[in-house]
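Okay, here's what each chain looks like letter by letter:
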Amino acid sequence: MVDGRARISAATTVAADAERLIALSELLHANPETAWEEHRAARWVAEALLEAGFAVTPSYLGLETAFIATYGSGPFRLGLCAEYDALPGLGHACGHNLISAITVGAARALAPLADAAGLTVEVYGTPAEEGGGGKIELLERGAFAGLDLAMMAHPAPVDVAEAEPFAVSHSHIAYRGKAAHAAAYPEQGINAADAFTIAQVAVGLLRQQLPPTVRVHGVMTNGGEAPNAIPAHTEGRWYVRADSLAQLAETEERVWRCFEAGAIATGATLDITAESKPYAEFRTFQPALDAYVRNAKRLGRVFDTNSPARRMNRASTDMGNVSQVVPAIHPYIGIGSLPALNHQPEFAAACVGGDAEKALLDAATALAWTALDVAAS
């Protein structure tokens, strides 16, 4: 446990920064940028850290919308992760605007205490969490190595302590057939849309034999151009989720056979391309999570243990890959959005305003206190 004065100092800094943090969250919310396109978002988040004396490196490790910001020189290396990509067509319906502001708030609260607390605070601007695997790309280029603790807090309808995300793969599916006039020469065509139909029926039937720890879902993004032309090309995006990377690999084999069935039945050719490296399951560093729970409760947060709304903690995240390499936690902060849930337009609307602002300030304070506790233990 840490000196009470340090705890008071961190909370006081978050409170003093409230207007700046809320403004950052609102700015990101009003200007959503999707995976790998977060040029303004990365700049705005980095600027909020630069203001507080952090040394900022943009385009970190060759990724244009990544950055690292550092403060202090203590032996305990703390990594705080900022996410800022939005969802196509939905904006910030997963609250990444709040994640960035929470991380900035915690980092700015810790900066004045860093040397006395033995901390080096490292903020990682991590692009493309929504399917692009930005943290995995950073990991493979050497980011996060040697951290003593990595943390972030994610918005959800209710507070949930432990992340239990599915491992997930993201794949682009494409069939290529042969165009023909659908009325005059149908026998000359190879119908790529039919291939997709067969695959989706096969996946639907396969679900009957899949364990409850598996999810398979996707969308067709190109189903053809004209009703009187046999579709020569169709595309889609599909996710396979499982409890672990090992179960994911086994499940993928069965799912890909469903897509192969579409190709065999129609004569179309099939191309399956990974959109990112697979996201891993999460390995929680329990001492840090215990500290976060204590600190959140001190702020009056109440953790949900029963309602279906708590299941946001099963959503896949590339923070799982980080947790496989360094000690990490990924708690969820409730924004009072019910009945709205993540990835709904109504949830995006709830990611600004009074309840969201309280969650922002509470999570920033709880993360800062947790860093101080773990570094002192």
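Residues numbered from 1 in each chain as written. Predicted model: local features only at pLDDT ≥ 70, side-chain atom pairs only at ≥ 80, totals over all residues. Heavy atoms only, no water.

Peer 1: Quick question: what am I supposed to make of the sheet that holds strand 9 (residues 233–242) here?
Peer 2: Strand-to-strand pairing in sheets goes through backbone hydrogen bonds, with the strands running parallel or antiparallel. Here four strands make up an open sheet; going across it, the order is 8-9-7-10 and the pairing antiparallel. The two strands at the open ends of the sheet, each matched to only one other strand, are strand 8 (215–222) and strand 10 (269–274). Ignoring which end each strand starts from, the neighbouring axes of this sheet average 20° apart. Alignment of strand 7 (residues 167–176) against strand 9, held across 10 bridges, turns out to be antiparallel. Across the sheet, residue I173 finds its bridge partner in strand 9, namely G236. Packed on one face of the sheet, helix 8 (residues 245–266) meets strand 7, strand 8, strand 9 and strand 10 and runs near 15° to strand 7. (Pairing = 2+ DSSP bridges. Helix = DSSP H or I, 4+ residues; strand = E, 2+ residues; numbered from the N terminus. Axes fitted to C-alpha atoms, helices over the stretch in contact; angles between N-to-C directions. Contact = heavy atoms within 4.5 Å.)

Peer 1: What's the story with the packing of helix 3 (residues 39–50) against helix 4 (residues 96–110) in this structure? I'm lost.
Peer 2: For any two helices packed against each other, the geometry is given by the interaxial angle and the distance between the axes. Where helix 3 meets helix 4, the closest approach of the two axes is 10 Å, and the angle between their N-to-C directions is 15°. The orientation of helix 3 relative to helix 4 falls into the category roughly parallel. Seen along the crossing, helix 3 lies across helix 4 with a hand that is right-handed. In contact with V45, A48 and L49 of helix 3, helix 4 contributes S100, V104, A107 and R108. (Parallel < 35°, antiparallel > 145°, perpendicular 65-115°, else oblique. Left-handed = near helix turned anticlockwise from the far one by under 90°.)

Peer 1: Just checking my understanding: could you explain the state of the cysteines for this structure?
Peer 2: Among covalent bonds in proteins, the disulfide is the one between the sulfur atoms of two cysteines. Inspection of every chain in the model, using the stated rule, returns zero disulfides. Here C94 is not disulfide-linked; the sulfur of C351 is the nearest cysteine sulfur, at 7.9 Å. (Disulfide = S-S within 2.5 Å.)

Peer 1: Mind showing me how you'd approach the sheet that holds strand 1 (residues 55–58) here?
Peer 2: With mixed pairing, the six strands of this open sheet are ordered in space as 1-2-4-3-5-11. Of all strands in the sheet, those bounded by a partner on one side alone are strand 1 and strand 11 (328–329). Bridge analysis of strand 1 against strand 2 (residues 67–71) gives four bridges, and the strand direction is antiparallel. Residue pairing across strands places A55 opposite T70, the latter belonging to strand 2. Where helix 4 meets the sheet, it contacts strand 3 (76–83) and strand 4 (119–126), and its direction lies at approximately 155° from that of strand 3.

Peer 1: Is there a simple way to think about the packing of aromatic side chains in this case?
Peer 2: Any aromatic ring pair is given by two values, namely how distant the centres are and how the planes are angled relative to each other. Scanning all chains against the criterion turns up nine aromatic pairs. Their ring planes at 90° and their centres at 6.2 Å tell us that F196 and F259 sit as a pair that is edge-to-face. With F196 in helix 7 (residues 192–206) and F259 in helix 8, this residue pair connects regions lying 63 residues apart in the sequence. Considered together, F196 and F259 belong to a single accessibility category, that of buried residues. Aromatic side chains W256 and F259 sit 6.1 Å apart centroid to centroid with 55° between the ring planes, which places their arrangement in the tilted category. Of this pair, W256 and F259 both sit in helix 8, three residues apart, which is roughly one turn of that helix. No difference in accessibility class separates W256 from F259, as the two residues are buried. An aromatic cluster is built from Y175, F196, W238, W256 and F259, whose rings are joined through pairwise contacts. When the ring centre of W369 is taken as origin, the NZ or CZ atom of R7, which lies over that ring, is 5.1 Å away. Residue placement shows R314 over the ring face of F166; its charged tip is 4.1 Å from the ring centre. (Phe/Tyr/Trp six-rings, centres within 6.5 Å; stacked < 30°, edge-to-face > 60°. Buried < 20%, exposed > 50% of the residue type's maximum accessible area, 1.4 Å probe, protein only. Lys NZ or Arg CZ within 6 Å of the ring centre and 35° of its normal.)

Peer 1: Which parts of the structure should I look at to understand helix 9 (residues 286–298)?
Peer 2: Along an α-helix, residues three or four apart share an orientation, since each turn contains 3.6 residues. The terminal C-alpha atoms of helix 9 lie 18 Å apart, and with 13 residues this matches the ideal 18 Å at 1.5 Å per residue to within 8%. Of all the positions in helix 9, only A288, L289, A291, Y292, V293, N295 and A296 are classed as buried. Packed against the buried residues of helix 9 are helix 1 (4–16), strand 5 (149–151), strand 11, strand 12 (332–334) and helix 12 (354–376). G300 lies just past helix 9 and shows a positive phi near 90°. (Expected span 1.5 Å × (residues − 1).)

Peer 1: Quick question: what am I supposed to make of the nonpolar core here?
Peer 2: Across soluble globular proteins, nonpolar side chains have a tendency to be buried as a group. Residues F67, L78, L80, L110, L119, V121 and V123 are the most contacted members of the largest nonpolar core, which totals 67 residues. When residues of this core are assigned to their parent elements, the largest contribution, 13 residues, is made by helix 12. Residues within four places of L80 in sequence aside, it is in contact with T103, A106, A107, L110, V121, E122, V123, Y124 and M151. One finds I99, A156, V160 and Y332 within the second-largest nonpolar core, a separate group that totals 30 residues. (Core = buried A, V, L, I, M, F, W, Y, C linked by side-chain atoms within 4.5 Å.)

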